[in-house]
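# Results of the structural survey
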Amino acid sequence: MREKILSFELFPPKSEKGFSDLKKAVGKLNEKEVAFFSCTYGAGGSTQETTFATVDWLRSQKINTAPHLTCIGNTIKETINILNRYKKQGIERIVALRGDRPSGSGVSSGDMSHANELVKLIREEFGSHFHIEVAAYPEMHPQASSFENDIENFKRKIEAGANSAITQYFYSKDAYSRFVDQCTSLDINVPIVPGIMPITNFHNLKRFSATCGAEIPRWICKRLESFGDDVESIKQFGEEVVSELCDHLLSDDAPGLHFYTMNKSAPTLALWNNLNL
Ligand code: FAD
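Residues numbered from 1 in each chain as written. Predicted model: local features only at pLDDT ≥ 70, side-chain atom pairs only at ≥ 80, totals over all residues. Heavy atoms only, no water.

## Concerning the site of the ligand
Taken together, 24 residues are adjacent to the ligand, and Tyr41, Asp100, Tyr137, Asp150 and Lys157 come closest. A distance of 2.9 Å separates an oxygen atom of the ligand from a polar atom in the backbone of Ala115. Taking Lys157, its side chain carries an N or O atom lying 2.7 Å from an oxygen atom of the ligand. Burial of the ligand by the protein chains amounts to 85% of its free accessible area of 970 Å². Elements that contribute at least two residues to the shell around the ligand include exactly strand 3 (65-70), helix 4 (115-126), helix 5 (147-159) and strand 6 (164-169). In terms of residue count, helix 5 provides more of the shell around the ligand than any other element does, 4 residues in total. For the shell around the ligand, the per-class residue count stands at 9 nonpolar, 10 polar and 5 charged. (Near = heavy atom within 4 Å. Polar contact = N/O pair within 3.5 Å; in protein donor to acceptor, adjacent residues only side chain to side chain. Areas by Shrake-Rupley, 256 points an atom, 1.4 Å probe, with all protein chains shown as cover. Helix = DSSP H or I, 4+ residues; strand = E, 2+ residues; numbered from the N terminus. Nonpolar A, V, L, I, M, F, W, Y, C, P; charged D, E, K, R; others polar.)

## Focus: the pattern of salt bridges
Tallied over the entire structure, the rule returns 11 salt bridges. One salt bridge in this structure joins Asp253 and Lys4, with 3.6 Å as the shortest N-O distance. In this pair, Asp253 sits in the loop between helix 9 (231-251) and strand 8 (256-260) while Lys4 sits in the segment before strand 1 (5-10), placing the two residues 249 residues apart along the sequence. A residue is classified by how much of its surface remains accessible, and Asp253, at 43% relative accessible area, is partly exposed. (Salt bridge = Lys/Arg side-chain N within 4 Å of Asp/Glu carboxyl O. Buried < 20%, exposed > 50% of the residue type's maximum accessible area, 1.4 Å probe, protein only.)

## Quick word on the sheet that holds strand 6
In space, the 8 strands of this closed barrel follow the order 1-2-3-4-5-6-7-8, with parallel pairing throughout. Taken pair by pair, the neighbouring strands of this sheet meet at an average axis angle of 30°, ignoring direction. Of the pairings in the sheet, the one linking strand 4 (residues 93-97) to strand 5 (residues 131-136) comprises 4 bridges and is parallel in character. Its bridge partner being in strand 5, Ala96 is matched across the sheet by Val134. With respect to the sheet, helix 2 (residues 48-60) is in contact with strand 1, strand 2 (36-39) and strand 3, its orientation differing from that of strand 3 by roughly 165°. (Pairing = 2+ DSSP bridges. Axes fitted to C-alpha atoms, helices over the stretch in contact; angles between N-to-C directions. Contact = heavy atoms within 4.5 Å.)

## Thoughts on the packing of aromatic side chains
What the rule picks out here adds up to 13 aromatic pairs. Taking the centre distance of 5.5 Å and the plane angle of 65° together, the rings of Phe126 and Phe130 count as edge-to-face. Between Phe154 and Phe179 the ring centres are 5.7 Å apart and the planes differ by 45°, which places this aromatic pair in the tilted class. On the criterion of sequence distance, the pair formed by Phe154 in helix 5 and Phe179 in helix 6 (residues 173-185) is long-range, its members being 25 residues apart. Through a chain of ring-to-ring contacts, the aromatic side chains of Phe8, Phe37, Phe259 and Trp272 assemble into a single cluster. (Phe/Tyr/Trp six-rings, centres within 6.5 Å; stacked < 30°, edge-to-face > 60°.)

## Things to note about the environment of Leu6
Within the fold, Leu6 resides in strand 1. Note: C-alpha distance between Leu6 and Ile166 (160 residues apart in sequence) is 11 Å. Setting aside residues no more than four positions away along its own chain, Leu6 makes contact with Glu33, Val34, Ala35, Phe36, Leu257, Trp272 and Leu277.

## Quick word on a negative patch on the surface
A contiguous patch of negative charge, built from Glu239, Glu240, Glu244 and Asp247, is present on the exposed surface. The residue Glu244 is located in helix 9 in this model. Classification of Glu244 as exposed rests on a relative accessible area of 52%. (Patch = residues over 30% accessible without salt bridge, like charges linked within 9 Å, V, L, I, M, F, W, Y side chains within 5 Å. Lys, Arg positive; Asp, Glu negative; His and termini not counted. Charge placed at Lys NZ, Arg CZ, Asp CG, Glu CD.)

## Thoughts on the pairing of strand 6
Counting buried residues along strand 6, 6 of its 6 residues qualify, which places the element largely inside the surrounding structure. Regarding topology, helix 5 serves as the crossover connection from strand 5 to the parallel strand 6, and that connection is right-handed. As a crossover connection, the stretch from strand 6 through helix 6 into strand 7 (residues 192-196) is right-handed. (Right-handed = clockwise from strand over helix to strand, strands pointing away.)

Function cannot be read off these values alone, since they describe shape.
Spelled out as structure tokens, the structure:
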């Protein structure tokens, strides 16, 4: 088996308690061998400072860190300043995104409109210093006019200099394999690493999935609904379904797995152990 690219995603915590929970979770997750921990970033600056604080702490622990960076709402100057800060911290990998403008925030649109412009800027200003990850959507980005158009736009990011991609989470392995096949037919040959979302809280997952371009298949929805408030059954079923998905993906030669940890160690580690990673 080729060496897999494994990674964990965190989000910047909103409180002191959240930060201390994150540190505990990272302590456990960091016992596993992963390529990097990534940390999300709120478009329009909503979590900018907490992203920096989280990245600072991860670097103080000598953890390979890949900060996410969104371009919407930021000027080119602000973006370059942030990248310089990261470069000084020894960071060599960035997840480059457009982001979504927070609704009703009055945040200006900034100097860039799409992620391909951010990738281009990073390459122009920093050469090959950063390994650039971009987002991919096996079930299509929710604002895309068509699947074909979305893949063409994905290709723009690769042509601008992205090295690899992380997908939005999905629960249909066919959606992923078709997406990868279509990319290959368009000569997009970078690793496209599946994003894996553990299932622990059905209501939150349903709400989030409705907005982000990820579909929960009907059969999974129906089974999860049938458990009502039985949290243990939801977790157990979720673990089975997602472990099976990961197993299929790895057997089908997916280049790795990127776990959306939601700042918790147990659900991701349960999958990890089931997969004997
Ligand atoms: P783009 O690649 O710019 O695509 C956005 C839309 O515009 C698509 O519909 C695309 O088809 C279209 N498009 C792209 N380029 C062009 C072009 N040149 N001309 C015309 N149309 C174009 N959000 C955050 O706020 N913070 C995060 O940290 C964060 N992390 C994420 C991590 C991953 C792995 C993923 C999958 C998503 C993440 N998001 C994050 C969400 C992401 O910001 C949103 O999905 C956003 O709507 C699109 O970002 P993008 O980088 O994919 O944008």
